[in-house]
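# Observations on the three-dimensional arrangement
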Amino acid sequence: MPLPIKPIASVSLDLDDKWTYMKTHGDPKWSEFPSYLPIVVPRVLEFLEKRNLKITFFIVGQDAALERNHAVLRSIADAGHEIANHSFHHEPWLHLYSEQDIQKEFESAELAIAKATGQRPIGFRGPGFSISETVIKVMISRGYRYDASTLPTFLGPLARAYYFFNAKLDPEEKKKRAKLFGTVSDGLKPIKVYNWKTAAGSVTEIPVTTIPIVRTPFHLSYLIYLHGYSHFLSSLYANIAFGACGLAGVNPSFLLHPLDFLGREEAPELAFFPGMTMPSNEKMKLADRIFTALAQKFTLVCMKAHASKGEITQDAGAVVGVRS
Ligand SMILES: [Zn+2]
């Protein structure tokens, strides 16, 4: 008897390096580009390899431009994962750039990423979910297949308030970050994959999925944050999220970050970040549990596969049923 066909869910990781957090936080030492990539990348690759998963890594162009990161970034592509673009400078105020500067941002990121990994990205995620019609227009002009820069939640302003409270920023820097993590109206954006239409054409939008109706996030960093309060709560919440997506016919796009795999001992400069009081072995245990639950309900694919939905085939050659 053939196995029942599971709906798909995509998995991606924003490869935010240590310096990107320090930069948004206002720590001047960011300009030396301190990195944890040599620690975290092999750890994540091993985690994915064990589960036979191929996901999408959104890479920051500035990291790819540094020769010292080439081997580690190349190892991601060599393991068969999709490489996508997470901007060059990782500035969450990308939506304030001029069109010309956005073009430059894309061009320099693509060149550096292609040089380091051998792949030209066809997917983009804005830093800190920074996105605008102009960014979409530039993406279309450069032949991108999908964008993944929206997080449809009402909680963005709350996350920003927490961030400002902990960061060392002057008023000018705060102004640039005025839309960091989005506005309340983001909660009204679609959670299913859709076509983002502009005068310049359209691009497939894959939102970072939030729980249907209540629109609260369930990316791994958020689950780790809940886990800090209660181990029971994080697992229950994840199961509710996955179940609600199944019921609503939503193919989730599940988001990961390097800090989901790093303990407080490995990035002491980022102690201000939620969830960074937890040691790495506890985070790995939680990630393991969450991925087991996710894979029970969904066939896990990369973003490129999610964008081209109906064409996706399982290992066995069967066409995966897509419900959204
Ligand atoms: Zn980022």
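Let me begin by describing the structure that accompanies this report.

Rules used in this analysis
Residues numbered from 1 in each chain as written. Predicted model: local features only at pLDDT ≥ 70, side-chain atom pairs only at ≥ 80, totals over all residues. Heavy atoms only, no water. Helix = DSSP H or I, 4+ residues; strand = E, 2+ residues; numbered from the N terminus. Buried < 20%, exposed > 50% of the residue type's maximum accessible area, 1.4 Å probe, protein only. Contact = heavy atoms within 4.5 Å. Areas by Shrake-Rupley, 256 points an atom, 1.4 Å probe, with all protein chains shown as cover. Salt bridge = Lys/Arg side-chain N within 4 Å of Asp/Glu carboxyl O. Axes fitted to C-alpha atoms, helices over the stretch in contact; angles between N-to-C directions. Parallel < 35°, antiparallel > 145°, perpendicular 65-115°, else oblique. Left-handed = near helix turned anticlockwise from the far one by under 90°. Nonpolar A, V, L, I, M, F, W, Y, C, P; charged D, E, K, R; others polar. Phe/Tyr/Trp six-rings, centres within 6.5 Å; stacked < 30°, edge-to-face > 60°. Lys NZ or Arg CZ within 6 Å of the ring centre and 35° of its normal. 1 Å grid on protein atoms, 1.4 Å probe; cavity = no way out; pocket = protein on both sides within 12 Å on 5 of 7 lines; lining within 4 Å. Points joined across faces, edges and corners; volume = space filled by probe spheres on them. Donors = N, O, S within 2.8 Å, 3.2 Å for Na, K, Ca; no water. Tetrahedral: all angles 85-135°; square planar, octahedral: opposite > 155°, others 65-115°. Pairing = 2+ DSSP bridges.

### Comments concerning the overall build of the chain
Looking only at helices and strands, the chain has 12 helices and nine strands in total. Burial statistics for the chain: of 324 residues in total, 58% are counted as buried. Intrachain contacts of the chain at a sequence separation of at least 6 include 74% that bridge at least 24 residues. With the model as given, the accessible surface of the chain reaches about 13900 Å², and the carbon-plus-sulfur share is 59%.

### Here we look at the pattern of salt bridges
Considering all chains together, one arrives at nine salt bridges under this definition. With a shortest N-O distance of 3.3 Å, Glu269 and Lys18 are connected by a salt bridge. Of this pair, Glu269 sits in the loop between strand 8 (253–256) and helix 11 (280–297) while Lys18 sits in helix 1 (residues 18–25), and the two are 251 residues apart along the sequence. The partly exposed category is assigned to Glu269, whose relative accessible area is 37%. Of the residues examined, Lys18 reaches a relative accessible area of 10% and is grouped as buried. Through salt bridges with shared partners, one network takes in Glu110, Arg120 and Arg142.

### Let's talk about the packing of helix 10 (residues 231–248) against helix 11
Packing of helix 10 against helix 11 brings their axes to within 10 Å, and their N-to-C directions diverge by 25°. Overall, the two elements helix 10 and helix 11 adopt an arrangement that is roughly parallel. The two elements helix 10 and helix 11 cross, and the hand of that crossing is right-handed. Seen from helix 10, the contacting residues are His231, Ser234, Ser235, Ala238, Asn239, Phe242 and Gly243; seen from helix 11, they are Glu282, Leu286, Arg289, Ile290, Ala293, Leu294 and Lys297.

### Concerning the packing of helix 5 (residues 99–117) against helix 6 (residues 133–141)
Interaxial distance between helix 5 and helix 6 falls to 10 Å at its minimum, and their mutual angle equals 50°. With respect to each other, helix 5 and helix 6 are oriented oblique. Between helix 5 and helix 6 lies a crossing whose hand is right-handed. Here helix 5 contributes Glu99, Ile102, Gln103 and Phe106 to the contact with helix 6, which in turn contributes Thr134, Val135, Lys137, Val138, Met139 and Ser141. Among the residues forming the contact of helix 5 with helix 6, the class breakdown is five nonpolar, three polar and two charged.

### A word on the packing of aromatic side chains
Inspection of the entire model under this criterion finds 15 aromatic pairs. Both rings, one in Tyr225 and one in Tyr229, keep their centres 5.6 Å apart while their planes meet at 80°; by these two values the pair is edge-to-face. Since its relative accessible area comes to 34%, Tyr225 is described here as partly exposed. A connected cluster of aromatic rings, assembled from ring pairs, spans Phe47, Phe218, Phe242, Phe254, Phe261 and Phe291. Above the plane of the ring of Trp30 lies Lys23, whose end atom (NZ or CZ) is 4.5 Å from the centre. Lying over the aromatic face of Phe47, Arg51 brings its terminal NZ or CZ to 3.7 Å of the ring centre.

### Focus on empty space enclosed by the protein
According to the stated counting rule, one finds one cavity of 30 Å³ or more in the structure shown. Here the largest cavity defines a volume of roughly 40 Å³. The residue makeup of the lining of the largest cavity, split by class, is five nonpolar, two polar and two charged.

### Section: the coordination of the zinc ion
Protein coordination at the zinc ion comes from Asp16 (OD), Asp16 (OD), His86 (NE2) and His90 (NE2), with a distance range of 2.0 to 2.8 Å. Coordination at the zinc ion comes from four donor atoms whose angles at the metal span 51 to 123°, giving a geometry best classed as irregular. Positions of the donor residues of the zinc ion along the chain correspond to the pattern D-x69-H-x3-H. On the basis of relative accessible area, His86 is assigned to the buried category, the value being 1%. Here His90 falls in the buried class, since its relative accessible area comes to 7%.

### Considering the pairing of strand 2 (residues 56–59)
Burial along strand 2 is two-sided: the residues Thr56 and Phe58 and Phe57 and Ile59 are all buried. Both strand 1 (residues 8–14) and strand 2 contribute to a ladder of three bridges, which runs parallel. Each residue of the ladder has a partner; that of Leu13, found in strand 2, is Phe57. Here strand 2 pairs with strand 3 (residues 82–85) via four bridges, running parallel. Bridging from a neighbouring strand, Phe57 pairs with Ile83 of strand 3.

### Quick look at the pairing of strand 6 (residues 194–198)
Alignment of strand 6 against strand 7 (residues 201–205), held across five bridges, turns out to be antiparallel. From the neighbouring strand, Lys197 faces strand 7, where its bridge partner is Ser202.

### Quick notes on the environment of Ser253
Position of Ser253 relative to the elements: it lies in strand 8. If sequence neighbours within four positions are ignored, Ser253 has contacts with Ser10, Ile206, Pro207, Val208, Thr209, Met303 and His306.

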